[in-house]
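Results of the structural survey
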Amino acid sequence: MISPLLANVYLHLVFDLWAERWRRRDATGDMIIVRFADDIGVGFEHEDDARPFLDAMRTRLQEFALSLHPEKTRLIEFGRRAATNRQRRGIGKPETFNFLGFSFICGTSRRGGFLLKRKSRHDRIQAKLSEIKDEMRRRRISRSPTRGNG
């Protein structure tokens, strides 16, 4: 029970306070940080801020024997200008990313403006439905013999 609490306190000291200081000292544009337990999402107005932050964050975490998950950590172009910038360069639609059980997608409104779309992650929905199906099957098979038929 205490472990998530200690992890949150530890990350507050190791990451949150450091990231806030980095933002004040080094960021040239807007920066947003979202952290829930050990899941972290960081958004930057300028790519020139994102790359140095990622390098500094890796170094900072290594100082405390922590590391970033190599398959989950990446820089992507995302936001209101991402679609037009990528279209101009001829590299297709903006990438999506998964965070806290949702897939985040760059979309457009009916009027053509930017719209942040969120979808529940399909793999998690399927896993939960499969889990419910297995539980229902288990309960159906192991009916109590004292139960009446009427």
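If you're wondering where the values come from, they're calculated on a predicted model, not measured in any experiment. The written sequence of each chain sets the order in which its residues are numbered from 1. Thresholds applied to this predicted model are a pLDDT of at least 70 for local features of residues and 80 or more for the giving and counting of side-chain atom pairs; totals over whole chains, interfaces and linings are not thresholded and use all residues. In computing side-chain properties, one takes all heavy atoms of the structure into account and sets aside hydrogens as well as water.

What follows concerns the packing of aromatic side chains. Each aromatic ring pair is characterised by the separation of its centres together with the angle its planes make. Stacked, edge-to-face and tilted labels apply to pairs of Phe, Tyr and Trp rings (six-membered ring for Trp) whose centres lie within 6.5 Å, assigned for plane angles under 30 degrees, over 60, and everything in between, in that order. One pass over the full model with this rule turns up nine aromatic pairs. Pairing Trp-22 with Phe-44 gives two aromatic rings, centres 6.4 Å apart and planes at 80°, and the pair type is edge-to-face. With Trp-22 in helix 1 (residues 2-26) and Phe-44 in strand 2 (residues 39-44), this pair connects stretches of sequence that are 22 residues apart. Exposure categories follow from relative accessible area, calculated using a 1.4 Å probe and restricted to protein chains: below 20% of the type maximum is buried, above 50% is exposed, and the middle band is partly exposed. For Trp-22, a relative accessible area of 8% puts it in the buried group. The exposure class assigned to Phe-44 is partly exposed, which follows from its relative accessible area of 22%. Only runs of H or I of at least four residues qualify as helices and only runs of E of at least two qualify as strands under DSSP, and these elements are numbered from the N terminus.

Two strands are counted as paired when DSSP detects at least two bridges linking them. Reading across from one edge, 3-4-5 is the order of the three strands in this open sheet, with antiparallel pairing throughout. Unpaired on one side and paired on the other, strand 3 (97-99) and strand 5 (114-120) mark the two borders of the sheet. Sheet twist, expressed as the mean angle between neighbouring strand axes with direction ignored, is 35°. What counts as an axis is a line fitted to C-alpha atoms, over the stretch in contact for a helix, and the angles between N-to-C directions run from 0 to 180 degrees.

Right, let's talk about a nonpolar patch on the surface for a bit. Patches here are clusters of residues that have more than 30% relative accessible area and form no salt bridge, with a 9 Å joining cutoff for like charges and a 5 Å cutoff for nonpolar side chains (Val, Leu, Ile, Met, Phe, Trp, Tyr). Areas reported as accessible are Shrake-Rupley estimates using a 1.4 Å probe. Residue values count occlusion only from the protein chains shown. Criterion for a salt bridge: a side-chain nitrogen of Lys or Arg within 4 Å of a carboxyl oxygen of Asp or Glu. On the surface, a cluster of nonpolar side chains totalling about 360 Å² of accessible area is made up of Leu-5, Val-9, Leu-13 and Leu-17. Residue placement: Leu-5 occurs in helix 1.

In short, geometric facts, not functional conclusions.
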